[in-house]
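Next come the chains, spelled out residue by residue.
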Amino acid sequence: MNLRRFLDKFGTTSSIICAVHCALLPIVISALPALGLSALAWSGFEWAFVCFATLLGVFSLWLGFKRHRVYRALLFLVPGLLLVWMGVLWPEIHNSLFKHTVFMSVGGTLIAVAHLINLRLNHGHVHDASCHHAH
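Now for a quick tour of the structure.

Conventions and cut-offs
Residues numbered from 1 in each chain as written. Predicted model: local features only at pLDDT ≥ 70, side-chain atom pairs only at ≥ 80, totals over all residues. Heavy atoms only, no water. Helix = DSSP H or I, 4+ residues; strand = E, 2+ residues; numbered from the N terminus. Buried < 20%, exposed > 50% of the residue type's maximum accessible area, 1.4 Å probe, protein only. Contact = heavy atoms within 4.5 Å. Areas by Shrake-Rupley, 256 points an atom, 1.4 Å probe, with all protein chains shown as cover. Patch = residues over 30% accessible without salt bridge, like charges linked within 9 Å, V, L, I, M, F, W, Y side chains within 5 Å. Salt bridge = Lys/Arg side-chain N within 4 Å of Asp/Glu carboxyl O. Phe/Tyr/Trp six-rings, centres within 6.5 Å; stacked < 30°, edge-to-face > 60°.

1. Details of the overall build of the protein
Next, step 1: A count of helices and strands for the protein gives six helices and zero strands.
Next, step 2: N-terminal to C-terminal, the α/β element order of the protein is α-α-α-α-α-α.
Next, step 3: Going through the 135 residues of the protein one by one, you find that 38% of them count as buried.
Next, step 4: Contacts in the protein between residues at least 24 apart in sequence constitute 74% of all its contacts with a sequence separation of at least 6.
Next, step 5: A total accessible area of about 7900 Å² is found for the protein, and carbon and sulfur atoms account for 73% of it.

Written out as structure tokens, the structure reads:
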């Protein structure tokens, strides 16, 4: 499996897990200490995941863009990253469980969609006279 395909699949999976985690967190937050999983509610975990998602998304889509020269995936990645960064940086959002959940879930979903689009652009690409890169 080549690096671009791996990064897009890994990014998609990670972003979906992030979105599910953020959507379900309000429901299970009271049960986490009883289950011994309180680390998942630790803000450092969230910061690490947002930083990781940013680096993975930018690197993966940059590699894809070098190949397919289409900005479509960035139209989902950029707003997704803005939402998750707002969710961890903006106190009004971060301190409101509902707003935080919405921003992080929607942002994570947009990042996952960006990876899926990039995966499709990279691996659904047909080399013909209309492609813009060297063969």
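2. Examining a nonpolar patch on the surface
Next, step 1: On the surface, Leu 3, Phe 6, Phe 10, Phe 52, Phe 59 and Trp 62 cluster together to form a nonpolar patch covering roughly 590 Å² of accessible area.
Next, step 2: Looking at the nonpolar patch, the elements that each hand over two or more residues are α1 (3-28) and α3 (43-68).
Next, step 3: Within the secondary structure, Leu 3 sits in helix α1.
Next, step 4: According to the relative accessible area criterion, Leu 3 is partly exposed, its value standing at 48%.

3. A short note on the environment of Ile 93
Next, step 1: When you line up the elements, Ile 93 lands in helix α5 (residues 91-94).
Next, step 2: The exposure class of Ile 93 is buried, given its relative accessible area of 4%.
Next, step 3: Excluding residues that lie within four positions of it along the chain, Ile 93 makes contacts with Met 86, Gly 87, Lys 99, His 100 and Phe 103.

4. Some thoughts on the pattern of salt bridges
Next, step 1: Scanning the model with the defined rule gives one salt bridge in all.
Next, step 2: With a shortest N-O distance of 3.1 Å, Glu 92 and Lys 99 are connected by a salt bridge.

5. A look at the packing of aromatic side chains
Next, step 1: Taken as a whole and assessed by the stated rule, the structure comprises five aromatic pairs.
Next, step 2: An angle of 40° between the planes, with centres 4.8 Å apart, marks the rings of Phe 65 and Tyr 71 as tilted.
Next, step 3: Taking the relative accessible area as the measure of exposure, Tyr 71 reaches 55% and is therefore exposed.

Just distances and angles here, no functional claims.
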